[in-house]
Amino acid sequence: MLKKVFVVGISPHPSLITCRALKLIEEAPAVLVMDTDYPFDLSDLLKGKRVIKLRPAFTARDEEERRGIIEENRRKVLSLDVDWAVWLEIGTPAIRNPIRRHLLGETAESIEVEFVPGVSSVTAVLDRLGTIVKHLCVFGGEEVERIERASEACDVMVIINLHDDRAPELLRSKGFRVRYVEECCTERERVTDHYTGATYWVIAVATREDGEGLRVPQPGVTGSERSSSPSGPRI
């Protein structure tokens, strides 16, 4: 019976996965993944592994269906004939982890869970833009009212889980410059000044501008749009 799950951060690209994460995946008797799209191909990472796909409850149309999905996932996990498994989480596990709310519900409380850190796109987008920060605020795209309140105190905002342009437009109206990084750190990465809606894997970075110009150095982008795939090797 399953006793422990390592929630392993697999970063926004396979080249950024940590040594510990790779070792756990290699040794794991079972690997849990969401039955949905990932921003990169997992086939090499999961080659020869026993993979159990769990349906995320955020696909549910109502609360009853959500509970049914979680119950189905619970049965799958508790029926495993292994002591431990790994769960693959994009980025790092601590940021908006779906394991309780959208995957296992209260079952997650009965299993020992250990988070294994990974590289997060929340900070990787700043590196990709060449943005140096002293502080930043992180929000989901749906948290428009909270973002509006924070805009009075925070000069740099990273907005994830974008499904529309409401929050970025609000920040523009308050003097922020907003740029979007689509599919951060992958071969398809693109930086643009406007929301395209072309991919779920997009993060907005908003930096405050005032009469003195940008408060945060922004050396990374020229022009309104570019592909930011590196010219050198990935290391």
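For the structure, check the block above.
Below you will find a few notes about this structure.

Calculation notes
- Residues numbered from 1 in each chain as written.
- Predicted model: local features only at pLDDT ≥ 70, side-chain atom pairs only at ≥ 80, totals over all residues.
- Heavy atoms only, no water.
- Disulfide = S-S within 2.5 Å.
- Phe/Tyr/Trp six-rings, centres within 6.5 Å; stacked < 30°, edge-to-face > 60°.
- Helix = DSSP H or I, 4+ residues; strand = E, 2+ residues; numbered from the N terminus.
- Buried < 20%, exposed > 50% of the residue type's maximum accessible area, 1.4 Å probe, protein only.
- Pairing = 2+ DSSP bridges.
- 1 Å grid on protein atoms, 1.4 Å probe; cavity = no way out; pocket = protein on both sides within 12 Å on 5 of 7 lines; lining within 4 Å.
- Points joined across faces, edges and corners; volume = space filled by probe spheres on them.
- Core = buried A, V, L, I, M, F, W, Y, C linked by side-chain atoms within 4.5 Å.
- Contact = heavy atoms within 4.5 Å.
- Axes fitted to C-alpha atoms, helices over the stretch in contact; angles between N-to-C directions.

With respect to the state of the cysteines
Okay, step 1: One pass over the full model with this rule turns up 1 disulfide.
Okay, step 2: Free cysteine C184: the closest other cysteine sulfur is in C185, separated by 3.4 Å.

A closer look at the packing of aromatic side chains
Okay, step 1: Taken as a whole and judged by the stated rule, the model has 3 aromatic pairs.
Okay, step 2: Here the aromatic rings of F6 and W84 are separated by 5.5 Å at their centres, their planes lie at 85°, and the arrangement is edge-to-face. Here F6 is found in strand β1 (residues 4-9), whereas its partner W84 is found in strand β4 (residues 84-89), with 78 residues between them in sequence.
Okay, step 3: Overall, F6 belongs to the buried group, its relative accessible area being 11%.
Okay, step 4: Looking at W84, the relative accessible area reads 23%, which means it is partly exposed.

Notes on the pairing of strand β6 (residues 137-140)
Okay, step 1: In the sheet, β6 pairs with strand β7 (residues 156-160) via 4 bridges, with the strands oriented parallel. If you follow V138 over to β7, its bridge partner there is V158.

Things to note about the layout of surface pockets
Empty pockets left among the atoms are what a rolling probe the size of a water molecule brings to light.
Okay, step 1: In this model, the largest pocket occupies a volume close to 840 Å³.
Okay, step 2: In this structure, the largest pocket is lined by 32 residues; those nearest its centre are E89, I90, N161, Y200 and W201.
Okay, step 3: At the level of elements, β4, α4 (121-129) and β10 (202-210) are the ones that each hand at least two residues to the lining of the largest pocket.

As for the nonpolar core
Okay, step 1: Core analysis: the largest hydrophobic core is formed by 36 residues, its most contacted members being L2, V8, I10, L32, V86, W87 and L88.
Okay, step 2: Among the secondary structure elements, those contributing two or more residues to this core are β1, α1 (19-27), β2 (31-34), β3 (51-54), β4 and α3 (99-104).
Okay, step 3: Here V8 is in contact with A21, L24, I25, V86, W87, L88, E89, P93 and V116, once residues within four sequence places are set aside.

Topic: the pairing of β3
Okay, step 1: Only one face of β3 is buried: it carries I52 and L54, and the other face, with V51 and K53, is open.
Okay, step 2: Bridging between β2 and β3 involves 4 bridges; their strand directions are parallel. For V31, the partnering residue across the bridge sits in β3 and is V51.

Topic: the sheet that holds β3
Okay, step 1: Read across the open sheet, the 5 strands follow the order β3-β2-β4-β1-β5; overall the sheet is parallel. Each end of this open sheet is capped by a strand with a single partner; those strands are β3 and β5 (112-116). Along the sheet, successive strands turn relative to each other by an average axial angle of 25°, direction set aside.
Okay, step 2: Across 2 bridges, the pairing between β2 and β4 is parallel. By the bridge assignment, V31 is partnered in β4 with V86.
Okay, step 3: Strands in contact with helix α2 (residues 63-78) are β2 and β3; relative to β3, the strand with the most contacts, it is inclined by about 165°.

Interpretation note: all reported values are geometric properties and have no functional meaning in isolation.
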